[in-house]
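Each chain is listed here by its residues.
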Amino acid sequence: GKAVFTVLGAVIADKEAQGIHKKFRNNYKLRRGKHWNTSSTPQLTLATANLTFTHVERTKNELTDNNPTFNVANIGMIDESQKEICTDLQRATEHWWIDQEQQDVLESSVLNGEQYGICIEKSLFNAELEYGLGEVETEIVDPFYFGWYPTKLKDPKDINNPGKCEAVVHFFPKSVRTLRAKYPALAKKIK
């Protein structure tokens, strides 16, 4: 537990030192039309045309307008059972996109990318989906609650290299009440 909090502390301290949280908050305010740090006065009316919001929405619409095309090609001489596998794979990708509502995930991902300059998707197998059969679930991770350790990676692609990246963390706040309900034996120690 202490090692995890050491890693988490280093990730958060690095983000604060680089001013990333401040930049993210500023981007959020701009998208919401809060361009001014002061209030309007009778002598000076601070009106804004929220062009940032309009641009982000148009970009999202442009990038997510069409559904992707999934193609599974039969290459070379293959027998009938291999053709059936290719057909099943084609159907599985189309099912995943349509029935698992990946269009909504794509739109959220594009919005994060436009607003914060980064989009992070976490895909995990969720055994509770599809009536207990399980399905891959994609979660859009808020960049406020994401980081890696050590924080000084030279190339972001190294995040997948165990020799260079020791941990990738996705953290998020939880209320004390929720944690006390989840861990009743430790409820008095949770503050």
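Residues numbered from 1 in each chain as written. Predicted model: local features only at pLDDT ≥ 70, side-chain atom pairs only at ≥ 80, totals over all residues. Heavy atoms only, no water.

Trainee: Mind showing me how you'd approach the overall build of the protein chain here?
Mentor: Looking only at helices and strands, the protein chain has six helices and four strands in total. The N-to-C order of helical and strand elements in the protein chain reads α-α-α-α-α-β-β-β-β-α. In terms of overall dimensions, the protein chain has a C-alpha envelope of 80 × 50 × 40 Å along the principal axes. Within the span of the protein chain, comprising 191 residues, buried residues form 24% of the whole. In the protein chain, once contacts between residues fewer than 6 apart in sequence are set aside, the share between residues at least 24 apart is 46%. Looking at the protein chain as shown, the accessible area adds up to about 14500 Å², and 55% of this sits on carbon and sulfur atoms. Measuring between centres, the 25 positive side-chain charges of the protein chain sit 17 Å from its 25 negative side-chain charges. (Helix = DSSP H or I, 4+ residues; strand = E, 2+ residues; numbered from the N terminus. Buried < 20%, exposed > 50% of the residue type's maximum accessible area, 1.4 Å probe, protein only. Contact = heavy atoms within 4.5 Å. Areas by Shrake-Rupley, 256 points an atom, 1.4 Å probe, with all protein chains shown as cover. Lys, Arg positive; Asp, Glu negative; His and termini not counted. Charge placed at Lys NZ, Arg CZ, Asp CG, Glu CD.)

Trainee: I keep staring at unusual backbone geometry and nothing clicks. Help me out?
Mentor: It is generally the case that most residues other than glycine have a negative phi and that most peptide bonds are trans. Cis peptide bonds are those with omega within 30 degrees of zero, and the linkage from Tyr149 to Pro150 qualifies with 0°. Its location among the elements puts Pro150 in the loop between β3 (146-149) and β4 (167-170). Backbone geometry places Glu130, a non-glycine residue, at a positive phi of 55°. With respect to the helices, strands and loops of the structure, Glu130 is situated in the loop between β1 (120-126) and β2 (135-141). Residue classification places Glu130 among the partly exposed positions, given a relative accessible area of 29%. Of note, the phi angle at Tyr131 is positive, near 60°, even though the residue is not glycine. Tyr131 sits in the exposed class, given a relative accessible area of 85%.

Trainee: Would you mind going over the packing of aromatic side chains with me for this structure?
Mentor: Geometry of an aromatic ring pair is reported as the spacing of the ring centres plus the angle between the planes. According to the stated counting rule, one finds seven aromatic pairs in the structure shown. Look at Phe146 and Trp148: their rings are 6.1 Å apart centre to centre, the planes differ by 70°, and that puts the pair in the edge-to-face class. Joined through ring pairs, the aromatic side chains of Phe24, Tyr116, Phe144, Tyr145 and Phe171 make up one cluster. (Phe/Tyr/Trp six-rings, centres within 6.5 Å; stacked < 30°, edge-to-face > 60°.)

Trainee: For this particular structure, what's the right way to read the layout of surface pockets?
Mentor: It is the rolling of a water-molecule-sized probe over the atoms that shows where space remains empty. Of the voids in this model, the largest pocket is the one considered here, and its volume is about 340 Å³. Lining the largest pocket are 17 residues, with Lys15, Ile20, Phe24, Ile118 and Trp148 positioned closest to its centre. Counting residues per element, the lining of the largest pocket draws most heavily on helix α1 (residues 2-18), which supplies four residues. Grouping the amino acids of the lining of the largest pocket by side-chain chemistry returns 10 nonpolar, four polar and three charged. (1 Å grid on protein atoms, 1.4 Å probe; cavity = no way out; pocket = protein on both sides within 12 Å on 5 of 7 lines; lining within 4 Å. Points joined across faces, edges and corners; volume = space filled by probe spheres on them. Nonpolar A, V, L, I, M, F, W, Y, C, P; charged D, E, K, R; others polar.)

Trainee: Any chance you could explain the side chain of Lys15 here in plain terms?
Mentor: Of note, Lys15 is situated in helix α1. No salt bridge is formed by the buried Lys15; its nearest oppositely charged neighbour, Asp142, is found at 7.4 Å. Engagement of the side chain of Lys15 in a polar contact is seen with the backbone oxygen of Pro143, the distance being 2.5 Å. Contact partners of Lys15, with chain neighbours within four places excluded, come to Ile20, His21, Pro143, Phe144 and Phe146. (Salt bridge = Lys/Arg side-chain N within 4 Å of Asp/Glu carboxyl O. Polar contact = N/O pair within 3.5 Å; in protein donor to acceptor, adjacent residues only side chain to side chain.)

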